[in-house]
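# Examining the three-dimensional arrangement
Given next are the chains, with one letter for each unit.
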Amino acid sequence: SQKIEQNSEALNIQEGKTATLTCNYTNYSPAYLQWYRQDPGRGPVFLLLIRENEKEKRKERLKVTFDTTLKQSLFHITASQPADSATYLCALDQTNAGKSTFGDGTTLTVKP
Amino acid sequence: DAGVIQSPRHEVTEMGQEVTLRCKPISGHDYLFWYRQTMMRGLELLIYFNNNVPIDDSGMPEDRFSAKMPNASFSTLKIQPSEPRDSAVYFCASQGTVNEKLFFGSGTQLSVL
């Protein structure tokens, strides 16, 4: 069966450190993968999109990698800040499927 | 643009009542999605539309749920009759074109007593 697993339901790190979140999938052939941030009481907000033929994407302090052989994406936040505390969701999109399937999310807490 | 607008923000109703959730997508977006989020099941896709036409409703839990998109600027999700297990946060999202990022509304927190 198809499955998306985001390891570590909760991740606690110290301010200034790099947070690394994982997204593993089985029985999918995603054309691309997205990462979203969700704050309590709000809808998810798009952060980054990486396509199957891309290995890495960066945006300011954010970096995402996509390994289709390992069936895994890693999401990094460097120089983390307390304001980065939120739940982060990965979403897979299969070619022309027109719909995104979301993982359960990882809740990140950055302590000052 | 004001983004995706959902109403109401909160809805409390009694079992057996009809519930209607509303969504206004971002102008010019071709795709509209209805998602449901619970602690147990995470964020689940219920149904999505392309150019006002329902494309995939395989995520709709049962016949008590129905969705419409009468025009490009409005969609509704209706639950009739509602049950306590329908309690969740319902999100609407729109997308400019296929394989692009989603823009989510703030959600409707539904509580069925």
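Right above here is the structure, for reference.
Attention here is on the structure that accompanies the text. (Residues numbered from 1 in each chain as written. Chains lettered and ligands numbered in written order. Predicted model: local features only at pLDDT ≥ 70, side-chain atom pairs only at ≥ 80, totals over all residues. Heavy atoms only, no water.)

## Some words on the interface of chain B and chain A
Contacts between the two partners involve 21 residues from chain B, matched on the other side by 20 residues from chain A. Carbon and sulfur atoms make up 49% of the area that chain B and chain A hide from each other, which totals about 1500 Å². Our count for the chain B to chain A interface comes out at one salt bridge. Between D56 of chain B and K99 of chain A there is a salt bridge; the shortest N-O distance is 2.5 Å. Inspection of the region where chain B meets chain A yields five residue pairs in polar contact (both at pLDDT 80 or more). Those elements that place two or more of their residues in the side of chain B that touches chain A are β4 (31-38), β5 (42-50) and β9 (88-95) of chain B. Here the side of chain B that touches chain A takes four residues from β5 of chain B, the largest share from any one element. (Contact = heavy atoms within 4.5 Å. Buried area = accessible area lost by both parts, 1.4 Å probe. Salt bridge = Lys/Arg side-chain N within 4 Å of Asp/Glu carboxyl O. Polar contact = N/O pair within 3.5 Å; in protein donor to acceptor, adjacent residues only side chain to side chain. Helix = DSSP H or I, 4+ residues; strand = E, 2+ residues; numbered from the N terminus.)

## Some points on the pattern of salt bridges
Residue and element names in this part refer to chain B. Scanning the model with the defined rule gives 13 salt bridges over all chains in all. Among the salt bridges present, the one from R41 reaches E44, with a minimum N-O distance of 2.7 Å. For R41, a relative accessible area of 55% corresponds to the exposed category. Judged by relative accessible area, which is 16%, E44 ranks as buried. Its salt-bridge partner being R85, residue E83 comes within 2.6 Å of it at the nearest N-O pair. Salt bridges here are not isolated pairs; linked through shared partners, they connect E62, R64, E83, R85 and D86. (Buried < 20%, exposed > 50% of the residue type's maximum accessible area, 1.4 Å probe, protein only.)

## A look at the nonpolar core
By size, the foremost hydrophobic cluster in this structure holds 24 residues, and its most contacted members are L33, W35, F75, Y88 and L108 of chain A. At the level of elements, β2 (10-14), β3 (19-26), β4 (30-38), β5 (45-51), β7 (62-67), β8 (72-77), β9 (86-94) and β11 (106-111) of chain A are the ones that each hand at least two residues to this core. Residues contacting L108 of chain A, with those up to four places away along its chain left out, are L11, I13, A19, I77, D84, S85, A86 and Y88 of chain A. The next biggest cluster of nonpolar side chains, apart from the first, holds 21 residues, and it includes W34, I47, Y90 and L110 of chain B. (Core = buried A, V, L, I, M, F, W, Y, C linked by side-chain atoms within 4.5 Å.)

## Overview of the environment of Q6 of chain A
All names here are of chain A. Looking at where Q6 falls in the secondary structure, it is placed in the loop between β1 (3-5) and β2. With 18 residues separating them along the chain, Q6 and N24 place their C-alpha atoms 6.3 Å apart. Apart from residues lying up to four places away in sequence, Q6 is in contact with T22, C23, W35, Y88, L89, C90, G103, D104, G105 and T106. Polar contacts involving the side chain of Q6 include one to the main-chain carbonyl oxygen of Y88, which spans 2.9 Å. In terms of polar contacts, Q6 uses its side chain to reach the backbone amide nitrogen of C90, at 3.1 Å.

## Quick notes on the sheet that holds strand β1 (residues 5-7) of chain B
Residue and element names in this part refer to chain B. Taken together, the four strands give an open sheet; going across it, the order is β1-β3-β8-β7, and neighbouring strands pair in antiparallel fashion. What marks the edges here is a single partner per strand, and that holds for β1 and β7 (65-71). Mean inter-strand twist for the sheet, computed between neighbouring axes without regard to direction, equals 15°. Relative to strand β8 (residues 74-79), strand β3 (residues 19-24) runs antiparallel, the two sharing five bridges. Looking at β8, one finds that T20 is bridged to K78. (Pairing = 2+ DSSP bridges. Axes fitted to C-alpha atoms, helices over the stretch in contact; angles between N-to-C directions.)

## Considerations on the environment of R51 of chain A
Inspection of the secondary structure assignment puts R51 of chain A in strand β5. When its relative accessible area of 37% is taken as the criterion, R51 of chain A is described as partly exposed. Separated by 60 residues in sequence, R51 of chain A and K111 of chain A have C-alpha atoms that sit 32 Å apart. Once you skip the residues sitting within four places of it in the chain, R51 of chain A turns out to touch A31, Y32 and F66 of chain A together with N99 of chain B.

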